[in-house]
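Reading the structure
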Amino acid sequence: MNQHQETAPDEVAQVIANYTPRGIDLYHWLSIRDFVQQAVAESEPPTADEARRRMTLVSALAEWVGYGACFPVERRTVFDLDLMGEFIDTGNDWTPKVRRMAQGRLKTLAQRLNPDWPADLPEESAYSSAWDPQPYSAAETVALRAWADSQDTAERRASAQVLLALLLGAGLHSHEVLALRVRDIEVDDAGVLLRVRGQRARAVPVRSDYEQMLIELLTDAPGEQYVFAPEQSSRRSGLVPAFVAQSNPQPGLRPTARRLRATWVVAHITAGVPAPILVRAAGLTNLRPYERWLYTLPEYEQDAYRQALRKHTKDAP
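Residues numbered from 1 in each chain as written. Predicted model: local features only at pLDDT ≥ 70, side-chain atom pairs only at ≥ 80, totals over all residues. Heavy atoms only, no water.

Some details on the nonpolar core
- Within the largest apolar cluster, 87 residues are counted, with the highest numbers of intra-cluster contacts made by F79, L194, L214 and F228.
- Beyond its immediate sequence surroundings of up to four residues, L214 is in contact with A165, L166, I185, V192, L194, V206 and V227. (Core = buried A, V, L, I, M, F, W, Y, C linked by side-chain atoms within 4.5 Å. Buried < 20%, exposed > 50% of the residue type's maximum accessible area, 1.4 Å probe, protein only. Contact = heavy atoms within 4.5 Å.)

Below, the structure written as structure tokens:
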């Protein structure tokens, strides 16, 4: 059979009905199975093999959204741009080829299945670049601080400043921003530490230039209060982009969560933070999403270059 030839609909339906994923907790699968089957069926895969691929991908994505990011498993969240990007970043040790194939399938599925999918994404979050967002430049970072300070109420200024502190200052994922509470902020002589909970539980040190806003929260807010946009009781996945969309814009610049986080990651790469430390703090399994920046480092002076490579390491052969 030609690989592009369509399969009989009943064969596709059989694959969808009988599919059982590997590597997913049985309880999790039973809770998301109906959603996955309905979504894949509605996407109308042309062949049984394609149906199987989509079942595998959507099962993994839905489990991560429901049990990793802790959002309701529904089309607006499972096929949300930021959450799909975070899933690609955090949950898989894929080769670049497999990664690109997964991205293409997710784009196709999201466009068809998410009723809130934006018809015309702005340039800086165009889908072609949203998987591996470009970090903000130093000048753009200055403009982002001005954006936060320019909001027209004290409440919105505070939320904008906190958003920058959690994304530019600590590199959190957007779903972690929404879940963080004041009780998760710790201050000691070494600075500010964020206790991130959930599937990627970890402690993340905050960059020193973003600490003060978070320190002030400890004296002014109860421990149960959400750190970002505490007036919003619903912690829906679109809260961060909705806040930005309703904010006073800085000319030519509206921040996006994944570009802010990418700026934090790439800044640490270029500063020479060891990969194992950065991977742990970022809640990643590897730095593959940021591979193109790993080798784009400042030129070293000859003495520093030689010293770094000559230095004795304890376990070297």
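Digging into the packing of helix α3 (residues 48-68) against helix α5 (residues 81-90)
- α5 packs onto α3 with a crossing angle of 100° between their chain directions and a minimal axis gap of 10 Å. Taken together, the axes of α3 and α5 are roughly perpendicular relative to one another. Judged by residue contacts, L57, A60, L61, W64 and V65 of α3 engage L83, M84, E86, F87 and T90 from α5.
- Partitioning the contact of α3 with α5 into residue classes produces 8 nonpolar, 1 polar and 1 charged. (Axes fitted to C-alpha atoms, helices over the stretch in contact; angles between N-to-C directions. Helix = DSSP H or I, 4+ residues; strand = E, 2+ residues; numbered from the N terminus. Parallel < 35°, antiparallel > 145°, perpendicular 65-115°, else oblique. Nonpolar A, V, L, I, M, F, W, Y, C, P; charged D, E, K, R; others polar.)

Digging into the pattern of salt bridges
- Throughout the structure, instances matching the rule amount to 17 salt bridges.
- As a salt-bridge pair, R145 and D209 come within 3.5 Å of each other at their nearest N and O atoms. Residue R145 is found in helix α8 (residues 138-149), and its partner D209 is found in the loop between β3 (202-205) and α11 (211-220); the two are separated by 64 residues along the sequence.
- You can call R145 partly exposed: its relative accessible area is 32%.
- D209 gets classed as partly exposed once you look at its relative accessible area, which sits at 40%.
- Linked through salt bridges whose partners overlap, the residues forming this network are E50, R53, R54 and R105. (Salt bridge = Lys/Arg side-chain N within 4 Å of Asp/Glu carboxyl O.)

Things to note about the side chain of H173
- If you trace the backbone, H173 turns up in the loop between α9 (154-167) and α10 (174-179).
- With near-sequence residues (within four places) excluded, H173 lies in contact with E86, T90, R202, R261, A282 and G283.

With respect to the environment of R235
- For R235, the location among the structural elements is in the loop between α11 and α12 (239-245).
- Through-space distance from the C-alpha of R235 to that of L178 is 6.1 Å; in sequence the pair is 57 residues apart.
- Excluding anything up to four places from it in sequence, R235 contacts F71, L178, Y226, F228 and A229.
- Polar side-chain contacts of R235 include one of 3.0 Å to the backbone oxygen of A229. (Polar contact = N/O pair within 3.5 Å; in protein donor to acceptor, adjacent residues only side chain to side chain.)

Quick word on unusual backbone geometry
- Here the phi dihedral of E44 falls at roughly 55°; this positive angle occurs in a residue that is not glycine.
- The topology assignment puts E44 in the loop between α2 (26-42) and α3.
- Even without being glycine, C70 reaches a positive phi, approximately 65°.
- Tracing the chain through its elements places C70 in the loop between α3 and α4 (75-78).

Description of the pairing of strand β2 (residues 191-196)
- One ladder, built from 4 bridges, connects strand β1 (residues 185-188) with β2; its direction is antiparallel. Note that in β2 the partner of E186 across the bridge is L193.
- Counting the residues in the hairpin turn of β1 and β2 gives 2 residues.
- Pairing analysis gives 4 bridges linking β2 to β3, with the strands arranged antiparallel. By the bridge assignment for β3, V196 is matched with R202.
- Turn length for the β2-β3 hairpin, with the two strands adjacent in sequence and antiparallel, is 5 residues, and the turn residue G198 shows positive phi of about 105°. (Pairing = 2+ DSSP bridges.)

A few points about the packing of aromatic side chains
- In the structure shown here, the tally under the stated rule is 7 aromatic pairs.
- A ring pair is formed by W147 and F243, whose centres lie 6.4 Å apart and whose planes are at 85°; its orientation type is edge-to-face. With W147 in helix α8 and F243 in helix α12, the pair connects residues that are 96 residues apart, well separated along the chain. F243 matches W147 in its accessibility class, with the two residues each being buried.
- When the ring of F228 is compared with that of F243, the centres are 5.4 Å apart and the planes differ by 80°; the resulting orientation is edge-to-face. Here F243 lies in helix α12 and F228 lies in the loop between α11 and α12, a separation of 15 residues in the sequence.
- For F228, a relative accessible area of 0% translates into the label buried.
- Three or more aromatic residues joined by ring pairs make a cluster, and in this case those are W147, F228 and F243.
- One residue, R181, lies across the ring of Y226, its end atom 4.2 Å from the ring centre.
- Between R235 and the ring centre of Y226, over which it is positioned, the NZ or CZ distance is 4.0 Å. (Phe/Tyr/Trp six-rings, centres within 6.5 Å; stacked < 30°, edge-to-face > 60°. Lys NZ or Arg CZ within 6 Å of the ring centre and 35° of its normal.)

What is shown is where atoms sit, not what they do.
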